[in-house]
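# Residue-level structure breakdown
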Amino acid sequence: MDNKIIKDEIFGEIKNFETEVDWLGRKISVSFDDGIGHNWSEEKKVEEVKGAIEQFKIMYFNQKEWDEKIRDRIVEDLHWLAEDWFSSVDEEDIDGMIEILEKNSNSKFTEKEKEELKEQKVSKKVFKNGIYLESLNITSNGDFTVYYYDDEVFFAGHWIDLMGNISGEFTGEADIIG
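As the structure is a prediction and not an experimental result, all values here were calculated from the model.

This part takes up unusual backbone geometry. Within the chain, N16 stands out as a residue other than glycine whose phi angle is a positive 50°. Here N16 shows up in the loop between β2 (12-15) and β3 (18-23). For N16, a relative accessible area of 31% corresponds to the partly exposed category. Positive phi values are uncommon outside glycine, yet Q120 reaches one of about 65°.

Structural data, given as structure tokens:
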């Protein structure tokens with residue numbers, strides 16, 4: 001499996017069953033080898049990875065829709081926790097957090113949103129727009145795990161993970177890890 005290169009017409013050279021792609025203006029890491037058995041032949045591993053690449057293209061060509069759907073689910077599952085963790089932020093750090101959140105969401109907050117954050121209240125919209133996809137693992141049957149990040153604003157350096165499949169179903173709830 002070391003130094004294995006697969007060429008794809010969309011993603012170019014995929015080395016060691018991983019690549020980086022542009023996802024809504026950010027580079028993310030994508031791994032295609034989650035479904036591989038350790039005792040499989042090289043040929044079977046390559047076949048599995050090619051299948052995973054094809055599954056990922058479904059998400060890749062519909063990035064906005066997938067990102068929206070995933071972030072909506074994360075908000076549904078973890079908004080309460082983000083608000084709880086944010087309530088423990090030191091007041092002197094809040095302005096810096098607001099800057100980070102504005103950078104992550106590519107927009108400026110309204111004065112009302114800034115005041116809410118200064119009162120350590122996090123709206124669902126602010127939470128949703130403050131997280132972004134950092135990496136994704138996918139298998140040839142379309143099962144995936146996404147890893148979102150918040151630049152240490154809500155969860156102190158922990159990632160948010162969520163598992164699902166290409167059919168649009170999520171398996172379990174979003175969680176914080178790491």
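This brings us to helix α3 (residues 94-105). Compared with an ideal rise of 1.5 Å per residue, which puts 12 residues at 16 Å, α3 spans 16 Å between its outermost C-alpha atoms and is within 8% of the ideal. Here α3 has its buried residues at I94, M97, I98, L101, E102, N104 and S105. Projected down its long axis, α3 carries its buried residues within an arc of 160°, all on one side. As for α3, its buried residues are in contact with β4 (26-31), α2 (63-86), α4 (111-118), α5 (124-129) and β5 (132-138). Downstream of α3 by one or two residues, N106 has phi in the positive range, about 55°.

Basis of the calculations
- Residues numbered from 1 in each chain as written.
- Predicted model: local features only at pLDDT ≥ 70, side-chain atom pairs only at ≥ 80, totals over all residues.
- Heavy atoms only, no water.
- Helix = DSSP H or I, 4+ residues; strand = E, 2+ residues; numbered from the N terminus.
- Buried < 20%, exposed > 50% of the residue type's maximum accessible area, 1.4 Å probe, protein only.
- Expected span 1.5 Å × (residues − 1).
- Arc of directions from axis to C-beta.
- Contact = heavy atoms within 4.5 Å.

All quantities given are derived from atomic positions and should not be read as evidence of function.
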